[in-house]
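# Results of the structural survey
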Amino acid sequence: MRIGELAAVVGVTTRAVRHYHHLGLFPEPERRANGYREYGLRHAVVLARIRRLTELGLGLAEVRDVLADDAGKDLVEVLTELDEDLARQEAALRERRARLRTLLDAEGGMPAEGPVSPELAALFAGTSHLSDSPMAVKDREIIAFLETAMPAEDRERMVASVGEALGSPGAVARAGEAYALLDALADADPDDPRVEEAALTLADCIPPGLFPEAGELDPDDGFLRAFYDDLAPAQAEAVRRALRILAEER
């Protein structure tokens, strides 16, 4: 059989056959005097086995190991590992679908920040009336970012702290007051007397558990610098003072 005939019989492409040759996975037959490869039944049997193994999900390196083991012992081990890996993928897919379903069915719909945890989505739903505040919108974006970027244990602490800050009507009202004071500083100078009031009000809204270590308030921290750069000068000064107040309280 020529390479095209072999590929057609087994149900693969000639390109795949040549790729298997290139990888050393499928031995090349001897060439005839005219330079063409001549494949026999044994080649078709081996190629069909390669096809079956790849269709199960084995990588080509695993297929090579299986084909090199005449006793077939490694095949059982490889297929067992593949089955366990598929089981893990199935569990992960079920978990992802459950999260998607929770987001799609959430009361109040999907938050503007996109997919966040159900706990954070519920908190955002409770502050949707503050969406007219540019500072509130920015704050929600930062919280959503932190939930994505933080390690799991820090993420849980952060979401719990946000829940403490926004989990009651009184807390939401205080946050709204802080946002309004910060919004009013959009065109102000850093030495504006209103900066101190905004800082005190903001510090009163931030739960102590959000920054348990003083080192997390390091003014040289790269994320804090980027955050300050994204604010108006007076707003950045108010946030700096609020964080200093929290550090001094601890």
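Below is a summary of the structure that appears in this document. Because the structure is predicted, anything quoted here is derived from the model rather than measured. Each chain has its residues counted from 1, running along the sequence as written. Selection of residues for local features in this predicted model requires a pLDDT of at least 70, selection of side-chain atom pairs for listing and counting requires 80 or more, and totals for whole chains, interfaces and linings are taken over all residues. With hydrogens and water excluded, all non-hydrogen atoms of the structure serve as input to the side-chain values.

### Description of helix H6 (residues 118-125)
This is how it is decided: Summary of the burial criterion: residues with accessible area below 20% of their type's maximum are buried, those above 50% are exposed, and those between are partly exposed, where the area comes from a 1.4 Å probe applied to protein chains only. Helix and strand assignments follow DSSP, with helices taken as H or I runs no shorter than four residues and strands as E runs no shorter than two, numbered in order from the N terminus. Each C-beta atom gives one direction from the helix axis, and the arc is the one those directions make. Contact definition: two residues touch when any of their heavy atoms are within 4.5 Å.
All of the buried residues in H6 are Leu120, Ala121, Leu123 and Phe124. An end-on view of H6 places all buried positions within 160° of arc, on one side of the element. On its buried face, H6 sits against helix H7 (134-149) and helix H8 (152-166).

### Considering a negative patch on the surface
Where we set the bar: Only residues above 30% relative accessible area that lack a salt bridge enter a patch, with like-charged residues linked at up to 9 Å and the nonpolar side chains Val, Leu, Ile, Met, Phe, Trp and Tyr linked at up to 5 Å. Using the Shrake-Rupley algorithm and a 1.4 Å probe, accessible areas are obtained, with residue cover drawn only from the displayed protein chains. Whenever a carboxyl oxygen of Asp or Glu lies within 4 Å of a side-chain nitrogen of Lys or Arg, that contact is scored as a salt bridge. Within this scheme the basic residues Lys and Arg register as positive and the acidic residues Asp and Glu register as negative, but His and the chain ends are omitted. Each charge is placed at NZ for Lys, CZ for Arg, CG for Asp and CD for Glu.
A surface patch of negative charge is lined by Glu62, Asp65, Glu77, Glu81, Asp83, Glu84 and Glu90. For the negative patch, the secondary-structure elements that each account for two or more residues are helix H4 (60-68) and helix H5 (73-105). Per element, the largest residue contribution to the negative patch is 5 residues, and it comes from H5. Mapped onto the elements of the fold, Asp65 is located in helix H4. You can call Asp65 partly exposed: its relative accessible area is 46%.

### Re the side chain of Asp192
This is how the line gets drawn: Between N or O atoms, a polar contact is any pair within 3.5 Å; within protein, one atom must be a potential hydrogen donor and the other a potential acceptor, and residues adjacent in sequence are included only when both atoms are from side chains.
With respect to the helices and strands, the residue Asp192 is situated in the loop between helix H9 (169-183) and helix H10 (194-205). For Asp192, a relative accessible area of 17% translates into the label buried. Polar contacts involving the side chain of Asp192 include one to the main-chain amide nitrogen of Arg194, which spans 2.8 Å.

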